[in-house]
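# Working through the structure, step by step
The residues making up each chain are set out below.
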Amino acid sequence: MAHHCPECAFANAEGANYCQKCGGFLAPPTEVAKDPSTATYRIGETGELIPVELDAVVAQGGALVIRSGGGRVGESFPLEGERVSIGRRPESEVFLDDVTVSRDHALIVRRGGDWHLDDLGSLNGTYVNRHRIETHHLEDGDELQVGKYKLTFLSR
């Protein structure tokens, strides 16, 4: 039986962990539902995948985790400092390489101890829980959509 990629729907061979076509992670849905931290990682300086214990990242103040888009499901970004940029510019803290993402798309800013998401006048907009926003106070579990990427905001 073929294992369909959640990113591009390509039919992969049984037992494959990554999509042959787009490189997306092929975790069985039941496995991900039981423990979402199993597929969480960050990319090291040389491009290697480093497994991340999500609870440890979230305890430091919050994180974004890619849930779909670009074959990068499970990649996480800790929210550190006062500002975290999201965009197609390679220098962005959350670099999303896709034409539907503006170079300077959005900014996550800490205000009074809480995280807020600000759209930076992006062409395709920034969405939280399927609503287009200009600015939004982020809460644990919020689903962000930036271009074709869906990310989950996690915090304590």
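This text goes with the structure placed above it.
### Section: the overall build of the protein chain
A tally of helices and strands in the protein chain yields two helices and 15 strands. Here the protein chain holds 156 residues, and the buried ones make up 42% of them. Relative to all contacts within the protein chain whose residues are 6 or more apart in sequence, the contacts with residues 24 or more apart total 34%. On the protein chain, roughly 8700 Å² of surface is accessible, and the fraction owed to carbon and sulfur atoms is 51%.

### A short note on the pattern of salt bridges
Using the criterion set out here, one finds five salt bridges in the structure. For the salt bridge of arginine 89 with aspartate 104, the shortest nitrogen-to-oxygen distance reads 2.8 Å. With a gap of 15 residues between them, arginine 89 in the loop between strand E7 (83–87) and strand E8 (94–95) and aspartate 104 in the loop between E8 and strand E9 (106–111) connect regions that are remote in the sequence. Residue arginine 89 is classed as partly exposed on the basis of its relative accessible area of 31%.

### Topic: the sheet that holds strand E12 (residues 131–133)
Within a sheet, adjacent strands bond to each other through the backbone by hydrogen bonds, running parallel or antiparallel. Strand order in this open sheet of six strands is E6-E5-E15-E14-E11-E12, and the pairing throughout is antiparallel. Only two strands of the sheet have a single neighbouring strand rather than two, namely strand E6 (76–78) and E12. The mean inter-strand angle of the sheet, taken between neighbouring strand axes irrespective of direction, is 30 degrees.

### Section: the sheet that holds E8
With respect to topology, five strands assemble into an open sheet ordered E8-E7-E9-E10-E13, the strand pairing being mixed. Of all the strands in the sheet, the pair left with one neighbour each is E8 and strand E13 (135–137). Pairing of E7 with E8 involves two bridges; the strand directions are parallel. Residue pairing in the sheet places glycine 87 in a bridge with phenylalanine 95 of E8.

### A word on the side chain of aspartate 98
With respect to the helices and strands, aspartate 98 occurs in the loop between E8 and E9. Look at aspartate 98 and you get buried, because its relative accessible area is 13%. Every residue in contact with aspartate 98, bar those within four places of it in the chain, is listed here: Arg88, Lys148 and Tyr149.

### Remarks on unusual backbone geometry
Even without being glycine, asparagine 129 reaches a positive phi, approximately 50 degrees. Mapped onto the fold, asparagine 129 is located in the loop between strand E11 (126–128) and E12. Take asparagine 129: its relative accessible area is 35%, and that puts it in the partly exposed class. In this structure, arginine 130 is a non-glycine residue whose phi angle is positive, near 70 degrees. By the secondary structure assignment, arginine 130 is in the loop between E11 and E12.

### Things to note about the pairing of E9
Alignment of E7 against E9, held across four bridges, turns out to be antiparallel. Bridging from a neighbouring strand, valine 84 pairs with isoleucine 108 of E9. Alignment of E9 against strand E10 (residues 114–119), held across six bridges, turns out to be antiparallel. Across the sheet, residue arginine 111 finds its bridge partner in E10, namely aspartate 114. Where E9 folds back on E10, the antiparallel hairpin that results is connected by two residues, among which glycine 112 adopts a positive phi of roughly 60 degrees.

Conventions adopted
Residues numbered from 1 in each chain as written. Predicted model: local features only at pLDDT ≥ 70, side-chain atom pairs only at ≥ 80, totals over all residues. Heavy atoms only, no water. Helix = DSSP H or I, 4+ residues; strand = E, 2+ residues; numbered from the N terminus. Buried < 20%, exposed > 50% of the residue type's maximum accessible area, 1.4 Å probe, protein only. Contact = heavy atoms within 4.5 Å. Areas by Shrake-Rupley, 256 points an atom, 1.4 Å probe, with all protein chains shown as cover. Salt bridge = Lys/Arg side-chain N within 4 Å of Asp/Glu carboxyl O. Pairing = 2+ DSSP bridges. Axes fitted to C-alpha atoms, helices over the stretch in contact; angles between N-to-C directions.

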